[in-house]
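A look at the structure
Chain by chain, the residues:
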Amino acid sequence: MGRDVTERHRAAEALVEAERHLAHASRLALLGELTASIAHEINQPLGAILSNAEAAEMLMDSGELGELRQILADIRRDDLRASEVILNVRSLVGKRTPHFVELRLNDMVDMALRLAAAEARRRGVLLEAHPEPGLPPIQGEPVQLKQLLLNLIINGMDAMAGTPPAQRRIVVRTGRGPGRVEVSVADAGHGIAPEKLPHIFESFFTTKEHGMGLGLAMVRSIAEAHRGTMTAENQPGGGATFRLRLPVEERHHP
Ligand code: ADP
């Protein structure tokens, strides 16, 4: 593989990583004012931990407690990291002003799939697009719609962790109905247990060991901000399908 290709590959991965951080951050931004007050509350004890760790380090300069020193150094590092996270959350909560423009759903699908490509390769997942040509344009926020799609695609990949490699496939389709356009994301994963189906869009609902349970809550809130709807269903042959329907303005020609 040529150097140029390797670099482009790396750049693409960095882009996916950045977008994932963005998606992650806007999950946190969902919490809005609550997050801001959490940030305020948590910063004080974090500051206290930091000065205690520094004081202990100074005291130990006279002793031979090397390991303890390492532990304190770790505490300090983690403390600073946590503070940075909070700072980031704060700036994101303050800055989000959605900007609606005229756009095409197929373009959003195209961009989301491009962002997901490196991650899909890493997980051995085939990404397939079936865009319906000639769809009417919609009003939307491109960053939010890309995040919505990326979230659905990454959830689909998560659900296929136990799927045989040859069947790991995500199919994204666009289409239209009366007064609306729609996009669906289908995977070949473990599907959704019927008793869980009514809860998956709720905040903090997760079945994953390290899940936050905010991805689909964000997906739904973006759909609603666009006057759209989100649905989820299991496919008869296995796997789940998520569908976003968005209204289009009917153009009446007199
Ligand atoms: P998280 O990914 O942190 O768990 P989400 O809100 O994105 O949070 O998803 C909530 C839950 O919905 C997941 O834990 C999982 O149980 C279920 N889920 C989401 N997407 C899928 C999917 N494609 N297939 C099966 N289950 C899914």
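Our structure's up above, just so we're on the same page.
Below or above, wherever it landed, is the structure these notes cover. Just so it is clear, the model here is predicted, and its values are computed rather than measured.

**Some remarks on the pairing of strand 6 (residues 229–234)**
Relative to strand 7 (residues 240–247), strand 6 runs antiparallel, the two sharing six bridges. Residue pairing across strands places A232 opposite F242, the latter belonging to strand 7. Taking the residues that link successive antiparallel strands as the turn, the strand 6-strand 7 hairpin has five residues, and the phi of G238 there is positive, at about 105°.

**Topic: the pattern of salt bridges**
Enumeration according to the criterion identifies nine salt bridges in this entry. The salt bridge involving E119 is made with R123; its shortest N-O contact spans 2.9 Å. Taking relative accessible area as the criterion, E119 reaches 5% and is therefore assigned buried. Here R123 falls in the partly exposed class, since its relative accessible area comes to 22%. Residue E128 is joined to R169 by a salt bridge in which the shortest nitrogen-to-oxygen separation is 2.7 Å. Of this pair, E128 sits in strand 2 (residues 126–130) while R169 sits in strand 4 (residues 169–177), and the two are 41 residues apart along the sequence. Residues joined by salt bridges that share partners form a network here, namely E119, R122, R123, D158 and K208.

**A closer look at the site of the ligand**
In the vicinity of the ligand lie 20 residues, with D187, T206, T207, K208 and L216 positioned nearest. Here an oxygen atom of the ligand sits 2.9 Å away from a polar atom, N or O, in the side chain of N155. For the ligand, an oxygen atom lies 2.8 Å from a polar atom in the backbone of L216. Starting from 540 Å² of accessible surface for the ligand in isolation, the protein chains cover 96%. Put simply, the parts of the chain that give the shell around the ligand at least two residues each are helix 5 (142–159), helix 6 (215–225) and strand 7. Tallying contributions element by element places helix 5 first for the shell around the ligand, with three residues. Each residue belonging to the shell around the ligand can be placed in one class, and the counts come to nine nonpolar, nine polar and two charged.

**What about the sheet that holds strand 7?**
Pairing in this open sheet of five strands is mixed, and the strands run 2-4-5-7-6 from one edge to the other. With one partner strand each, in any of the chains shown, strand 2 and strand 6 form the two edges of the open sheet. Strand-to-strand twist of the sheet, defined as the mean angle between neighbouring strand axes without regard to direction, takes the value 15°. Most of the contacts of helix 6 go to strand 6, to which it runs at about 135°, and overall it touches strand 6 and strand 7.

**So, helix 6**
Looking at helix 6, one finds that the buried residues are G215, L216, A217, M218, V219, I222 and A223. Just downstream of helix 6, R227 is the residue with a positive phi angle, here 55°.

**Focus: unusual backbone geometry**
Even without being a glycine, R227 presents a positive backbone phi close to 55°. According to the relative accessible area criterion, R227 is exposed, its value standing at 64%.

**Remarks on the packing of helix 5 against helix 6**
Here helix 5 crosses helix 6 at 145°, and the two axes come no closer than 9 Å. The interaxial crossing formed by helix 5 with helix 6 has left-handed handedness. Seen from helix 5, the contacting residues are Q144, L145, Q147, L148, N151, L152 and N155; seen from helix 6, they are G215, L216, M218, V219, I222 and A223. Class assignment for the residues of the contact of helix 5 with helix 6 results in eight nonpolar, five polar and no charged.

Cut-off values and rules
Residues numbered from 1 in each chain as written. Predicted model: local features only at pLDDT ≥ 70, side-chain atom pairs only at ≥ 80, totals over all residues. Heavy atoms only, no water. Pairing = 2+ DSSP bridges. Helix = DSSP H or I, 4+ residues; strand = E, 2+ residues; numbered from the N terminus. Salt bridge = Lys/Arg side-chain N within 4 Å of Asp/Glu carboxyl O. Buried < 20%, exposed > 50% of the residue type's maximum accessible area, 1.4 Å probe, protein only. Near = heavy atom within 4 Å. Polar contact = N/O pair within 3.5 Å; in protein donor to acceptor, adjacent residues only side chain to side chain. Areas by Shrake-Rupley, 256 points an atom, 1.4 Å probe, with all protein chains shown as cover. Nonpolar A, V, L, I, M, F, W, Y, C, P; charged D, E, K, R; others polar. Axes fitted to C-alpha atoms, helices over the stretch in contact; angles between N-to-C directions. Contact = heavy atoms within 4.5 Å. Left-handed = near helix turned anticlockwise from the far one by under 90°.

Nothing here speaks to function; it is geometry throughout.
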